[in-house]
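Survey of secondary and tertiary structure
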Amino acid sequence: MSAPAPETVADSRATSAACRRVTAVVALLPGLGACAASTVCALALSTLASTVSPLLIAVALGAIAANTGLIHPVLSPGLAVAAKPLLRVGVALLGFQLVFADVLGLGVTAMLVVVAVVAVGLIATMVAGKYLGLTWAQRVLIACGFSICGAAAVAAAGSVVSADEEETVTAVALVVVFGTAMIFAIPLLTSILGFDDDRAGLLAGASIHEVAQVVAAGGVIGGTALTVAVVAKLARVALLAPVVVVLSLVQRRRTTSSPQARRPPVVPLFLFGFVICAGLRSLDVVPESVLTVTSTLQLVLLTAAMFALGAGVRIAMLRAVGFRPIALGAVSTVVVTSIALGGVLMS
């Protein structure tokens, strides 16, 4: 019996490899379809409740689906893609919202306030979390979410420190609770203190956690406060890049003692994307129509990723969390707000 021709064997292997690739792609469709449907729902619901980011709604939808038996194992491959690669693309596209000239236009004093909020907020939250006995990853996620830019910062930090779903969703949930409370607390505080619109806007942008929450608070204050608040918030977003680089370096040192652990790159690829997008926006070389598309795409990708993260949460997991993350969220909120308020009072 003659052996098969080399060409026949090669063709058979190529066909088999192509079939495996097609099968792998098809396996992603149910999970990605669930993410797409949930994204549409989250975006629609956010139009009815403008103070709540669709990212936060998507996390809630994912958690509800997971705890009502709607997350079938067939969805897992697609959800995994949404929770990591799509999330990283969304964070990179977030750079298109950033214009360096606008941030620098805040002035030296306001920039110092923003830097102090992020730096001291991160350090104080990490130290307090250590005393509360929380894990390294949980402390990092809460610190970044509260000190920088809410759910997007949680997602970016989580992809570097290899946080699990429980830790990620806990941090996002705390952003929802404390950030929502600040929508009402900050305008009330600025009114009591008699701040003008610029100082009130700076306090809102420098202290409130989520971008959507900053917009809501700025709208409540009124006048020019909204513009100042958004620019101050974007200044905090600009600090996401250097913070993630530092986290990546620290994480590499933490995994040195474990040869089996996969060390993250010094500068994650999605962070390069974030900086490039911010640079292109700042150079004003991107047409307005493209910016509109990228803004929508960024929101869609991050919303889909948040649903995927929420789908990994179980009520039993959240019950096991206890009061310590909540206590850390309260500490972080007080620290961030106090630093922002002190800076505004001295400006």
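Keep in mind the model is a prediction, meaning the values are calculated, not measured. (Residues numbered from 1 in each chain as written. Predicted model: local features only at pLDDT ≥ 70, side-chain atom pairs only at ≥ 80, totals over all residues. Heavy atoms only, no water.)

Some thoughts on the overall build of the protein
Scanning the protein for helices and strands turns up 15 helices and 0 strands. Across the 347 residues in the protein, those meeting the buried criterion constitute 46%. Contacts in the protein between residues at least 24 apart in sequence constitute 81% of all its contacts with a sequence separation of at least 6. Counting every atom, the protein has about 16100 Å² of accessible surface; 70% of that belongs to carbon and sulfur. (Helix = DSSP H or I, 4+ residues; strand = E, 2+ residues; numbered from the N terminus. Buried < 20%, exposed > 50% of the residue type's maximum accessible area, 1.4 Å probe, protein only. Contact = heavy atoms within 4.5 Å. Areas by Shrake-Rupley, 256 points an atom, 1.4 Å probe, with all protein chains shown as cover.)

Some remarks on the environment of L86
Inspection of the secondary structure assignment puts L86 in helix α3 (residues 76-93). Between the C-alpha atoms of L86 and A304, which are 218 residues apart in sequence, the distance is 8.0 Å. Once residues lying within four places of it in the same chain are set aside, the contact partners of L86 are L32, V81 and L301.

Some details on the environment of A83
By the secondary structure assignment, A83 is in helix α3. The class for A83 is buried, based on a relative accessible area of 18%. When the C-alpha positions of A83 and A311 are compared, they lie 9.8 Å apart, and in sequence the two are 228 residues distant. Once you skip the residues sitting within four places of it in the chain, A83 turns out to touch A305, A308 and L309.

Structural notes on the nonpolar core
Judged by nonpolar contacts, the single largest core of 73 residues is most densely connected at C144, L240 and M306. Of all the elements, helix α6 (residues 136-161) adds the most residues to this core, at 19 residues. The residues contacting M306, other than those within four sequence positions of it, are L55, A58, V59, A151, A155 and V172. Within the second largest apolar cluster, 21 residues are counted, among which are M182, L202, A204 and V336. (Core = buried A, V, L, I, M, F, W, Y, C linked by side-chain atoms within 4.5 Å.)

Some remarks on helix α7 (residues 165-193)
One turn of the α-helix equals 3.6 residues, which is why residues spaced by three or four share an orientation. With 29 residues, α7 should reach 42 Å at 1.5 Å per residue; the first-to-last C-alpha distance of 40 Å fits that figure. When the local axis directions of α7 are compared, the greatest deviation, roughly 35°, occurs at I183, which is followed within four positions by the proline P187. One or two positions beyond α7, positive phi appears at G194, with a value near 70°. (Expected span 1.5 Å × (residues − 1). Bend = angle between axes of the 7 residues up to and from the residue.)

Some thoughts on a nonpolar patch on the surface
The grouping of L269, F272, I276, L280, L283 and V285 at the surface amounts to a nonpolar patch, some 640 Å² of accessible area in total. Among the structural elements, I276 can be located in helix α12 (residues 269-282). (Patch = residues over 30% accessible without salt bridge, like charges linked within 9 Å, V, L, I, M, F, W, Y side chains within 5 Å. Salt bridge = Lys/Arg side-chain N within 4 Å of Asp/Glu carboxyl O.)

Describing unusual backbone geometry
Although it is not a glycine, D284 sits at a positive phi angle of roughly 60°. In this structure, D284 sits in the loop between α12 and α13 (288-310).

Considerations on the confidence of the model for the protein
Predicted coordinates in regions of low pLDDT should not be interpreted in detail. In the predicted model, the protein carries a mean pLDDT of 84, and the fraction of residues at 70 or more is 88%. Confidence, read as mean pLDDT per element, is least for helix α14 (residues 315-321) in the protein (64) and greatest for helix α5 (residues 108-131) (94). (pLDDT = per-residue confidence, 0-100.)

Re the layout of surface pockets
Approximately 470 Å³ is the volume attributed to the second largest pocket. As for the second largest pocket, its lining consists of 20 residues, and the residues nearest its centre are Q97, V211, A212, Q298 and L299. Among the elements of the structure, α2 (54-67), α6, α9 (211-221), α10 (225-238) and α13 are those that each provide at least two residues to the lining of the second largest pocket. A total of 4 residues in the lining of the second largest pocket trace back to one element, the largest contributor, which is α13. Per-class residue counts for the lining of the second largest pocket are 14 nonpolar, 5 polar and 1 charged. (1 Å grid on protein atoms, 1.4 Å probe; cavity = no way out; pocket = protein on both sides within 12 Å on 5 of 7 lines; lining within 4 Å. Points joined across faces, edges and corners; volume = space filled by probe spheres on them. Nonpolar A, V, L, I, M, F, W, Y, C, P; charged D, E, K, R; others polar.)

A look at the state of the cysteines
Tallying each qualifying case throughout the model produces 0 disulfides. Free cysteine: C144, not disulfide-bonded; nearest cysteine sulfur from C149 at 8.7 Å. Overall, C144 belongs to the buried group, its relative accessible area being 2%. (Disulfide = S-S within 2.5 Å.)

Some remarks on the side chain of H209
Along the polypeptide, H209 turns up in the loop between α8 (197-207) and α9. Overall, H209 belongs to the buried group, its relative accessible area being 0%. For H209, the side chain forms a polar contact with the main-chain oxygen of F146, separated by 3.3 Å. Aside from chain neighbours lying at most four places away, what touches H209 is G145, F146, I148, C149, G150, V175, F178, G179, M182, K233 and T333. (Polar contact = N/O pair within 3.5 Å; in protein donor to acceptor, adjacent residues only side chain to side chain.)

Points about the packing of α3 against α13
In contact at an axis separation of 8 Å, α3 and α13 are set at 145° when each is read in the N-to-C sense. By crossing handedness, the relation of α3 to α13 is classed as left-handed. Judged by residue contacts, L79, A82, A83, L86, L87, V89, G90, V91 and L93 of α3 engage T294, L297, Q298, L301, L302, A304, A305, F307, A308 and L309 from α13. Per-class residue counts for the contact of α3 with α13 are 16 nonpolar, 3 polar and no charged. (Axes fitted to C-alpha atoms, helices over the stretch in contact; angles between N-to-C directions. Left-handed = near helix turned anticlockwise from the far one by under 90°.)

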